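# Structural description and commentary
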Amino acid sequence: MASVTGTSISMASFKASLAPSSRISNLKSVSFPISGKSFTTLRMQPAHFRISCAAKPETVTKVCEIVKKQLALPDDSAVTGESKFAALGADSLDTVEIVMGLEEEFGISVEEDSAQSIATVQDAADLIENLIEKKGA
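Residues numbered from 1 in each chain as written. Predicted model: local features only at pLDDT ≥ 70, side-chain atom pairs only at ≥ 80, totals over all residues. Heavy atoms only, no water.

Under an unreviewed UniProt entry, the name given to the protein is Acyl carrier protein, and the organism recorded is Lithocarpus litseifolius. Heading Function (unreviewed entry) of the UniProt record for the protein holds this comment: "Carrier of the growing fatty acid chain in fatty acid biosynthesis." (UniProt positions renumbered as here; feature names shortened; annotations may be inferred.)

Structural data, given as structure tokens:
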């Protein structure tokens, strides 16, 4: 089953039946299940798609906890994978501290270039799983 969010569409199977001239407006993401694992997500950004494998829910949850702690947010604060650090009140120093907390918690090292590309909790969780996978290889 594939799903498209933004303008929401759900399909039983993905078919290349959308002609090149077909258009979907307000598209934010497209998800496809792959081999019973997490979903692969395509996120629409200006003029291109970004493809990423969604992190495990437990990784996203742990990142949410670390973000809440670093930003001293109340326990009942709504922090999800789609939460943007800036929208949660994080400035550049807060973001550096969040990355440092993630490095310590997950035993990883995040390069400066990679750290600058983190805008959301989901971005951080995806990066963490990617780094853990590379570390184990």
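Having seen the model, we can carry on.
### Overview of the packing of helix H1 (residues 57-70) against helix H2 (residues 92-106)
Interaxial distance between H1 and H2 falls to 10 Å at its minimum, and their mutual angle equals 135°. As summarised for this structure, H1 and H2 are arranged oblique, according to the angle between their axes. For the crossing formed where H1 meets H2, the hand is right-handed. Residue-level inspection shows Thr-59, Lys-62, Val-63, Ile-66, Val-67 and Gln-70 of H1 in contact with H2, the latter providing Glu-97, Ile-98, Gly-101, Leu-102, Glu-105 and Phe-106. Tallied by class, residues from the contact of H1 with H2 come to six nonpolar, three polar and three charged. (Axes fitted to C-alpha atoms, helices over the stretch in contact; angles between N-to-C directions. Helix = DSSP H or I, 4+ residues; strand = E, 2+ residues; numbered from the N terminus. Parallel < 35°, antiparallel > 145°, perpendicular 65-115°, else oblique. Left-handed = near helix turned anticlockwise from the far one by under 90°. Contact = heavy atoms within 4.5 Å. Nonpolar A, V, L, I, M, F, W, Y, C, P; charged D, E, K, R; others polar.)

### As for the nonpolar core
With 23 residues, the main nonpolar core has Val-63, Val-67, Phe-85, Leu-102, Val-110 and Val-121 as its most contacted residues. It is helix H4 (residues 121-136) that contributes the most residues to this core, six residues altogether. Ignoring any residue separated from it by four or fewer positions in sequence, one finds Phe-85 in contact with Val-67, Ala-90, Thr-95, Ile-98, Ile-118, Ala-119, Thr-120, Val-121 and Ala-124. (Core = buried A, V, L, I, M, F, W, Y, C linked by side-chain atoms within 4.5 Å. Buried < 20%, exposed > 50% of the residue type's maximum accessible area, 1.4 Å probe, protein only.)

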